[in-house]
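As a plain string of letters, each chain reads:
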Amino acid sequence: MALNQKLSAALSIILSVLLLFNRIPSTVGHGEGGHEEGGTELDCSSYINTIDLPSGKIEYVSDATTISFRMSSTKNDGYLSLGFSENGMMDGSEVVVGDDEGVSLYSLIGHTARKIVDETKQAALSDESFLQDDNGSVLEFRKLLDDGTDNNKVIDGNGKNILIWSIGYTNNIFVGHGTNRGSIPLTLTPCSKGGKATELTYEEKNTKNLFLVHGIFAIVAFAVCMPIAIAAVTARSLFMKDGLWFKIHSFTMGLASAITIALFTMSVYSVNQKGSSHFHNAHGIIGLIITLALTIHVVFAVMRPSSHLSPKSAHDTDYDTTEEAGTIEKDENLEDEEKVEKTLLRIVW
């Protein structure tokens, strides 16, 4: 009972930490379809939709076949990057980059970028420009929703997409962008005069704290609790009094399991907030496998058969002094068989 109380207290602390760090704002706006512009007709030749960024904004308008963007930033010495992603992550995405070499389409591989040399893909861009002055930087371009090439990243002009953006440290895309980037769930509809305009405000999701706690919890679970649990079993001859080794092993493994479930839940929540897909990379898949394996291990440990024989009934243990030696020997053989059966069950388990 004392062990269960300790585990419950530990789990309560973990949940309190999760509640503390899970105050994560999201992209907010006036609904998925935006809001109507008070009875006035929309001018589809201009940018009618806006997304406010921490240091700039994104304006866009789309029709049945193309989408046009203007991305601006108060930073005047860093590249601007804008594109769409299938899962909210960089890897496997295509982005339009404005830097000191002009405007080009890049393919993102991991955390690196490679300029696309396919002329057909580059031809999907039009009206592109990138300007920088004392007021900041401005990237503009129009892009086909479907360029018709192999491995084409089709943009859904009548549905949900994930927009990714970044502002670089410098005008060299290979230097990187640090934390000045984000992903935005975006529902597109072709502009029409009687349609709706969208106004969104991007608020940086506080996933940095969650991933920090995720890492700390992982260290506590796998680098502290589990080694102690294994050491208690390995050196149990030193902790035999009152079954101390088993208490240490049970508590540390139980705590490690609770922490693992907490950090796994935290990861899933963070990915949901970013609008990304789950278990698409090695880290996520390995984490899922470890969590499942550890859960199965704990279930098996709890359901493990007892190593102690149940107390024998009175007619099996209380022998009359007048009983013949043969009868006593028969009962002893029966007890030995029962012990063997218990031992085999434990081994198989």
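The structure displayed is predicted, hence computed values, not measured ones.

Rules behind the numbers
- The numbers attached to residues start from 1 for each chain and follow its sequence in the written order.
- Owing to the predicted nature of the model, reporting of local features is limited to residues with pLDDT of at least 70; listing and counting of side-chain atom pairs is limited to 80 or more, with chain, interface and lining totals taken over all residues.
- Side-chain numbers here rest on the full set of heavy atoms in the structure, without hydrogens or water.
- Numbering goes from the N terminus for both helices and strands, where a helix is a DSSP run of H or I of at least four residues and a strand is a run of E of at least two.
- Side-chain atoms alone can form a polar contact between residues adjacent in sequence; in general such a contact is a pair of N or O atoms within 3.5 Å, and within protein one must be able to donate a hydrogen while the other accepts it.
- Pairs of residues are marked as contacts when any of their non-hydrogen atoms sit within 4.5 Å.
- Two strands make a pair as long as DSSP finds a minimum of two bridges between them.
- Simply put, an axis is a line fit to the C-alpha atoms, just over the touching stretch for a helix, and the angle between two N-to-C directions goes from 0 to 180 degrees.
- Two cysteine sulfur atoms form a disulfide, by the criterion used here, when they sit within 2.5 Å.
- Whether a residue is buried, partly exposed or exposed follows from its accessible area with a 1.4 Å probe, protein chains only, as a fraction of its type maximum: under 20%, in between, or over 50%, in that order.
- Two rings belonging to Phe, Tyr or Trp (six-membered ring only in the last case) form a pair when the distance between their centres is within 6.5 Å. Interplanar angles under 30 degrees mark stacking, angles over 60 mark edge-to-face geometry, and anything in between is tilted.
- Only when the NZ atom of a Lys or the CZ atom of an Arg is both within 6 Å of the ring centre and within 35 degrees of the ring normal do we say a charge sits over the ring.
- An expected span of 1.5 Å times one less than the residue number is assigned to each helix.
- Directions from the helix axis toward the C-beta atoms define the arc.
- In these notes, a set of buried Ala, Val, Leu, Ile, Met, Phe, Trp, Tyr and Cys residues joined through side-chain atoms within 4.5 Å is what counts as a nonpolar core.

Quick word on the side chain of asparagine 171
Argument step 1. Among the structural elements, asparagine 171 can be located in the loop between strand S11 (160-167) and strand S12 (181-187).
Argument step 2. Within the local environment of asparagine 171, its side chain forms a polar contact with the side chain of glutamine 132, the two groups lying 3.0 Å apart.
Argument step 3. Not counting residues up to four positions away in its chain, the partners in contact with asparagine 171 are Asp77, Gly78, Tyr79, Asp99, Asp100, Phe130 and Gln132.

A word on the sheet that holds S12
Backbone hydrogen bonds are what pair the strands of a sheet, in a parallel or an antiparallel way.
Argument step 1. Here we have six strands laid out as an open sheet, ordered S8-S7-S6-S5-S11-S12, and antiparallel in their pairing. Taken across any chain shown, the strands that pair with only one partner, and hence form the sheet edges, are strand S8 (112-115) and S12. Strand-to-strand twist across the sheet, computed as the mean angle between neighbouring axes with direction ignored, equals 30°.
Argument step 2. The pairing of strand S5 (residues 80-85) with S11 spans six bridges and is classified as antiparallel. Bridge pairing in S11 places glycine 83 opposite isoleucine 164.

Looking at the state of the cysteines
Argument step 1. One pass over the structure, following the stated rule, counts one disulfide.
Argument step 2. Between the sulfur of cysteine 44 and that of cysteine 191 lies a disulfide, 2.0 Å long from S to S. Because the sign of the S-S torsion sets the handedness, a value of about -80° for the bond joining cysteine 44 and cysteine 191 places this disulfide among the left-handed ones. Of this pair, cysteine 44 sits in the loop between strand S1 (28-29) and strand S2 (49-53) while cysteine 191 sits in the loop between S12 and strand S13 (199-201), and the two are 147 residues apart along the sequence.
Argument step 3. On the accessibility criterion, cysteine 44 (32% relative accessible area) is partly exposed.
Argument step 4. We classify cysteine 191 as buried; its relative accessible area is 18%.

Focus: the packing of aromatic side chains
Argument step 1. Enumeration over the complete set of coordinates arrives at four aromatic pairs.
Argument step 2. For the ring pair phenylalanine 69 and phenylalanine 84, a centre distance of 6.0 Å and an interplane angle of 50° mean the geometry is tilted. Placement of phenylalanine 69 in strand S4 (residues 66-73) and of phenylalanine 84 in strand S5 is noted, with a sequence separation of 15 residues between them. Residue phenylalanine 69 shares its accessibility class with phenylalanine 84, and that shared class is buried.
Argument step 3. Measuring from centroid to centroid gives 5.6 Å for tryptophan 245 and phenylalanine 246, while their planes differ by 75°, and the two rings are edge-to-face.
Argument step 4. Three or more aromatic residues link up through ring pairs in this structure, and these residues are Tyr60, Phe69, Phe84 and Phe141.
Argument step 5. Above the plane of the ring of tryptophan 245 lies arginine 236, whose end atom (NZ or CZ) is 5.5 Å from the centre.

So, the environment of tyrosine 269
Argument step 1. Mapped onto the elements, tyrosine 269 comes out in helix H4 (residues 244-274).
Argument step 2. On the accessibility criterion, tyrosine 269 (29% relative accessible area) is partly exposed.
Argument step 3. On a C-alpha basis, the gap between tyrosine 269 and leucine 210 in space is 9.2 Å, while along the polypeptide they are 59 residues apart.

Examining helix H5 (residues 282-302)
Argument step 1. Between the first and last C-alpha of H5 there are 30 Å, a value that for 21 residues agrees with the 30 Å anticipated at 1.5 Å per step.
Argument step 2. Considered for burial, the residues of H5 that qualify are Gly284, Thr291 and Leu294. Take H5 and look down its axis: the buried residues cluster within an arc of 95°, on one side only. In this structure, H5 carries Ala282 and Ile289 as exposed residues pointing more than 90 degrees from its buried face.

Some details on the side chain of serine 104
Argument step 1. For serine 104, the location among the structural elements is in strand S7 (residues 102-109).
Argument step 2. Within polar-contact distance, the side chain of serine 104 engages the side chain of lysine 115 at 3.4 Å.
Argument step 3. Each residue touching serine 104, except ones within four places of it in the same chain, is listed here: Val95, Val96, Val97, Lys115, Gln122 and Leu125.

Brief notes about unusual backbone geometry
A negative phi holds for most residues other than glycine; trans holds for most peptide bonds.
Argument step 1. Notably, aspartate 127 is not glycine yet its phi reads approximately 50°, a positive angle.
Argument step 2. Relative to the helices and strands, aspartate 127 is located in strand S9 (residues 125-133).
Argument step 3. You can call aspartate 127 exposed: its relative accessible area is 56%.

Some points on the nonpolar core
Argument step 1. Core analysis: the biggest nonpolar cluster contains 26 residues, and Ile58, Phe69, Met71 and Leu163 have the highest contact counts within it.
Argument step 2. In this view, methionine 71 contacts Leu53, Lys57, Ile58, Leu80, Ser81, Leu82, Ser137, Val138, Leu139, Trp165, Ser166 and Ile167; residues no more than four positions away in its chain are not counted.

Focus: the pairing of strand S10 (residues 136-144)
Argument step 1. Where S4 and S10 come together, eight bridges link them in antiparallel fashion. Paired with threonine 66 across the bridge in S10 is leucine 144.
Argument step 2. Relative to S10, S9 runs antiparallel, the two sharing seven bridges. Its bridge partner being in S10, aspartate 133 is matched across the sheet by glycine 136.
Argument step 3. Between S9 and S10, which pair antiparallel one after the other, the connecting turn spans two residues.

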